[in-house]
Structure formats: structure tokens, C-alpha cells
Amino acid sequence: MKIAFFDAKPYDKSAFDKYGEADGIEFKYFETKLNEDTVELAAGYDGVCVFVNDTVNAPVIERLSRLDVKVIALRCAGFNNVDMNAAAGKLKVYRVPAYSPYAVAEHTMALLLTSIRRIHKAYIRSKDFNFSLSGLTGFDLHGKTVGVIGTGRIGRVFIDICRGFGMKVLAYDKYPDTSIDNGDTVRYTDKEEIFRQSDIISLHCPLNEETAHIINEESLELCKKGVVLLNTSRGGLVDAEALLSAIKSRKVGAACLDVYEEEADLFFEDNSGHIMEDDTLARLISMPNVIVTSHQAFLTEEALSNIAETTVKNLTDFRDGEKNRNELCYTCGVTHNCLDGKVLS
Ligand code: NAI
């Protein structure tokens, strides 16, 4: 089985070749992203393997179908870049729902600690033998309230980490997991209480119609002065202009962003020699209390290996006509064993 692998990076290849060779899946690596201009590269392949910033919209799906491509294998959890309605009846779509929730949750905590303990500033100072502590005062996480929006795999690991720091957790999810609510240190509530009471807010829900710009002018208005915002989920959850205004007005004390709404043409690439056209991103990055990483939260050895193993299993199950729980449902966009977007078991 031959698969056209788009947006390939050097760190992808070894794990995909290892698992692919073992199971008869041959990957052809293309550095370009999949979009309407590059879709012709998929001619002669049985499937495409894509990542978060490939464009899998209706025209691309239509063309893939005409090229007799049968399967789209997402090597990520989020699938907001795939037009599932367009894929219905034409191509099967698989994803990797979980590869290392620890990778993303741990990166989220790394960003938080870096930000509030001013590690990014201290690192640069000490490189220059500047050992002054002025301006590096942080605050304890112990006893602070963290609001976690989205308590799925990653959100729950992040909650565990926060509990280890002695933080109080307020949680919100469309489908709460009541087993984690102890009525004390972890408590489900509504979004409004999260915005009003949290010292830190971390986003771990998917991007969809309900969650798009969940952080906006109105929600930021409700927040405590000095709130720290963490987004390692999807850029579209945050209205970046509203965030910028709230940082300028000192409402937001710090922001840590691993994702950005307009990241598709920027993140994962070296743009250091280019003029930054995105004024909002440039302004955010210029702020001393904003830390941006470029969709890096997933990037651990363990996650890369799990992604490759699961993607190859998805493809061999497709090839062999086996049932597979990672196949996305056309109607609700989760799995074939689902109800209103929630996996049943
Ligand atoms: P998950 O599916 O296990 O959990 C998502 C949770 O969000 C579920 O509990 C679900 O009920 C909840 N949810 C759905 N709609 C909601 C709504 N309208 N309001 C509140 N909660 C809602 O997903 P997982 O693995 O925890 O991943 C979370 C997100 O993290 C993904 O959607 C993806 O966007 C992002 N991600 C980012 C990565 C990175 O490298 N920065 C890597 C992997 C995932």
C-alpha cells in the first residue's frame, strides 16, 4: 500500500519507516503541505497522510477522490482541517486520537512555569553573565486556582499535574467526567465561574463551532486582573486581537501559546529570514509576558513513535477491511461508536 505523506519533517521519517516497513505500508515523503495546489502529488497513491496544517477541504477531497485516493490518515488528534461532509462516501478518514497526553500536558506546565518564574528572561540574562534578579519575581502555583476547559485525555493529565502543585482546579467540559470531581480540589463548574475565579486558565477542548473564540473580549472582561492564559489546544479557541488588547490593558498578566489561529503558513517552518506579515503575532511575540512555541507540545520521542504506530495500524486496518475505532464518523466527526460527538466506550 502506497501513501503520500504531506508536510513531512525529518523527525517524522524514522518512526514511520520503521512501522510502515514492518506492515507493508510504503510512505513517500513530500515536504509540501497538502492543499489545492499540491493535491496532484497524490496521483498513484492509495492514501494520503496529513498533519494539522494540511488543507483537506471540499475541493481537495473532490480531487483526491478523482485521483482514486481512498483514505486520509491524519497523524494527529484534531481534525478541524478536514471537511468531513465532503469526505462522506468518498474517502475514509482516520485519526490518532491519543498518542501522548503527557507530552501536551507536560509542555503546558513547562510553559506556565517558564512564564511565571521568568525562566525565559533569566536564561537570556545568564548567557550574558547578567545575574541580576530585578524583574524576575514570580508567584507560587501552590494554592492558586486553575480553570481547565476540556477534561479529556490531555485536560485530565494536566489536572493531575496541577494537583501535584497543590493547586485548586475548576473544570468545565461539555461532557463532564464526574469521577474526577471531588467537590473540593477538583470541581466542575460553568465557564463563567472559571473566567471569574481562575488565576490561570488552560484550554484543552477541541476547536469546533461551540468553542471557536471561547476566549474573546467578553470572556476576558470577566477574568481576574492578571490572569495567565495557556493555550496548547488550537489557535482558533482564542481571539488573538482580543487577547492582545487584554495584554495591553494589563487584564491578562501572561499568555503562553503553543498554537495560533493563523499558524498554518508560519509554524513548523524557519521564518527567521522573512518579514513577519502577521502584525498581531509579531506584537504578541514582542510582549515580555507572552511565550509562543510553534505547535511543539506533542513533540516527544514517545509521542512520535505512538503516532507512527497508530497511523500504520489505521492504514493496515483500512487495507484489510478491519473495524477500527479511529475511523472518523461523517455525521458527528468522532468515531463510529459515538453519540453526539462523545465516544461511548
Ligand atoms: P479529548 O477528545 O480526549 O478531550 C477533549 C475534551 O473536550 C472532551 O472531554 C470533550 O468532551 C471536550 N469538549 C468537546 N466539546 C467541548 C465544548 N464545546 N466545550 C468544552 N469541552 C468540550 O482530546 P485530547 O486528546 O485531550 O486533546 C484536546 C485538544 O488538544 C485536541 O482537540 C487538540 O486540539 C489539542 N492537541 C494539541 C496538541 C499540540 O501539539 N499542541 C497535540 C494534541 C492535541
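Residues numbered from 1 in each chain as written. Predicted model: local features only at pLDDT ≥ 70, side-chain atom pairs only at ≥ 80, totals over all residues. Heavy atoms only, no water.

Chemist: Just checking my understanding: could you explain the site of the ligand for this structure?
Modeler: Close contacts around the ligand come from 26 residues, with Tyr99, Arg153, Ile154, Asp173 and Thr232 the closest. Between the ligand and threonine 232, the relevant distance is 2.9 Å, taken from a nitrogen atom to a main-chain nitrogen or oxygen of the residue. Between the ligand and serine 233, the relevant distance is 3.3 Å, taken from an oxygen atom to a side-chain nitrogen or oxygen of the residue. Of the residues contributing to the shell around the ligand, the split by class is ten nonpolar, nine polar and seven charged. When residues of the shell around the ligand are assigned to domains, at least three map to each of domain 1 (2-99 + 301-343) and domain 2 (101-292). (Near = heavy atom within 4 Å. Polar contact = N/O pair within 3.5 Å; in protein donor to acceptor, adjacent residues only side chain to side chain. Nonpolar A, V, L, I, M, F, W, Y, C, P; charged D, E, K, R; others polar. Domains from an automatic or database assignment.)

Chemist: In this structure, what is going on with the pattern of salt bridges? I would like to understand it.
Modeler: Oppositely charged side chains can form a pair if their charged atoms are brought close together. Tallied over the full model, the rule gives 15 salt bridges. Of the charged contacts in the structure, one is a salt bridge between aspartate 7 and lysine 9, with a shortest N-O distance of 2.8 Å. Take aspartate 7: its relative accessible area is 2%, and that puts it in the buried class. Judged by its relative accessible area of 10%, lysine 9 falls in the buried class. For aspartate 199, the salt bridge identified is with lysine 224, shortest N-O distance 2.9 Å. In this pair, aspartate 199 sits in the loop between helix 7 (191-197) and strand 9 (200-203) while lysine 224 sits in the loop between helix 8 (217-222) and strand 10 (227-231), placing the two residues 25 residues apart along the sequence. (Salt bridge = Lys/Arg side-chain N within 4 Å of Asp/Glu carboxyl O. Buried < 20%, exposed > 50% of the residue type's maximum accessible area, 1.4 Å probe, protein only. Helix = DSSP H or I, 4+ residues; strand = E, 2+ residues; numbered from the N terminus.)

Chemist: For this particular structure, what's the right way to read the domain arrangement of the protein chain?
Modeler: In many analyses, interface size is given as the accessible surface area lost on bringing the parts together. Here the protein chain is partitioned into domain 1 (2-99 + 301-343) and domain 2 (101-292). With 15 residues of domain 1 at the contact, the number on the domain 2 side is ten residues. Put simply, domain 1 and domain 2 have two salt bridges between them. Run the count over domain 1 and domain 2 and you get three residue pairs in polar contact (both at pLDDT 80 or more). (Contact = heavy atoms within 4.5 Å.)

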